[in-house]
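An overview of the molecular structure
Chain by chain, the residues:
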Amino acid sequence: MALSMRLSRGGSKKRPYYRIVVADARAPRDGKFIEKIGTYNPLLAKDSAERVKLDDERAKYWLSVGAQPTDRVARFLDAAGVKERAARNNPNKAVPGEKAKERAEERAEKAKAAAEAAAAPAEETAEA
């Protein structure tokens, strides 16, 4: 059975509250789970101690038996010092898309044409 450490949503509409659970990877997000190992309240301040509560010992146990944390839970585990999370790097994230490149080229051409047009009358007055 593939185990997953993930968030299970609770709370009311527009007031989310999450339980950090260990569940079968095939189970629904808010459905049946094996064990609740913590909670996460995103409405609290980031520096609040109540924002993320995690049972470190149970998390270590479930990691040892092969449970795979989701990215968000892996961040919580890294912050708690339970599991090291490798930093991700996407160098292509800041590269503009195709249409943005085309727009930039068009702007550059228009600016070049405007500069040439401004320079042409200045040359004519200098010759006269």
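Up top you'll find the structure we're talking about.
Residues numbered from 1 in each chain as written. Predicted model: local features only at pLDDT ≥ 70, side-chain atom pairs only at ≥ 80, totals over all residues. Heavy atoms only, no water.

Looking at helix H2 (residues 71–80)
Turning to H2, its buried residues number three or more, namely Val-73, Ala-74, Phe-76 and Leu-77. Buried residues of H2 fall within an arc of 160° about the axis and therefore sit on the same side. Elements that come into contact with the buried residues of H2 comprise strand S1 (3–12), strand S2 (15–24), strand S3 (35–40), strand S4 (52–54), helix H1 (56–64) and strand S5 (68–69). Once H2 finishes, Gly-81 follows within two positions and takes phi at roughly 85°, a positive value. (Buried < 20%, exposed > 50% of the residue type's maximum accessible area, 1.4 Å probe, protein only. Helix = DSSP H or I, 4+ residues; strand = E, 2+ residues; numbered from the N terminus. Arc of directions from axis to C-beta. Contact = heavy atoms within 4.5 Å.)

Structural notes on the sheet that holds S3
An order of S4-S3-S2-S1-S5 is seen for the 5 strands of this open sheet, with the pairing classed as mixed. Both edges of this open sheet fall to S4 and S5, since each of them pairs with a single strand only. Looking at chain direction, S3 and S4 are connected through 3 bridges and run antiparallel. Opposite Gly-38, over in S4, you have Leu-54 as the bridge partner. Relative to S3, H1 is tilted by about 125°, and along the sheet it contacts S1, S2, S3, S4 and S5. (Pairing = 2+ DSSP bridges. Axes fitted to C-alpha atoms, helices over the stretch in contact; angles between N-to-C directions.)

Regarding the environment of Val-73
Secondary-structure assignment places Val-73 in helix H2. Its relative accessible area of 1% is what places Val-73 among the buried residues. With 67 residues separating them along the chain, Val-73 and Arg-6 place their C-alpha atoms 6.1 Å apart. Aside from chain neighbours lying at most four places away, what touches Val-73 is Met-5, Arg-6, Leu-7 and Ile-20.

Here we look at the packing of aromatic side chains
Counted under the stated rule, the structure contains 3 aromatic pairs. On the numbers, 4.7 Å between centres and 50° between planes, the contact of Tyr-40 with Phe-76 is tilted. In this pair, Tyr-40 is assigned in strand S3 and Phe-76 in helix H2, connecting sequence segments 36 residues apart. Per residue, the accessibility class of Tyr-40 equals that of Phe-76, and both read buried. (Phe/Tyr/Trp six-rings, centres within 6.5 Å; stacked < 30°, edge-to-face > 60°.)

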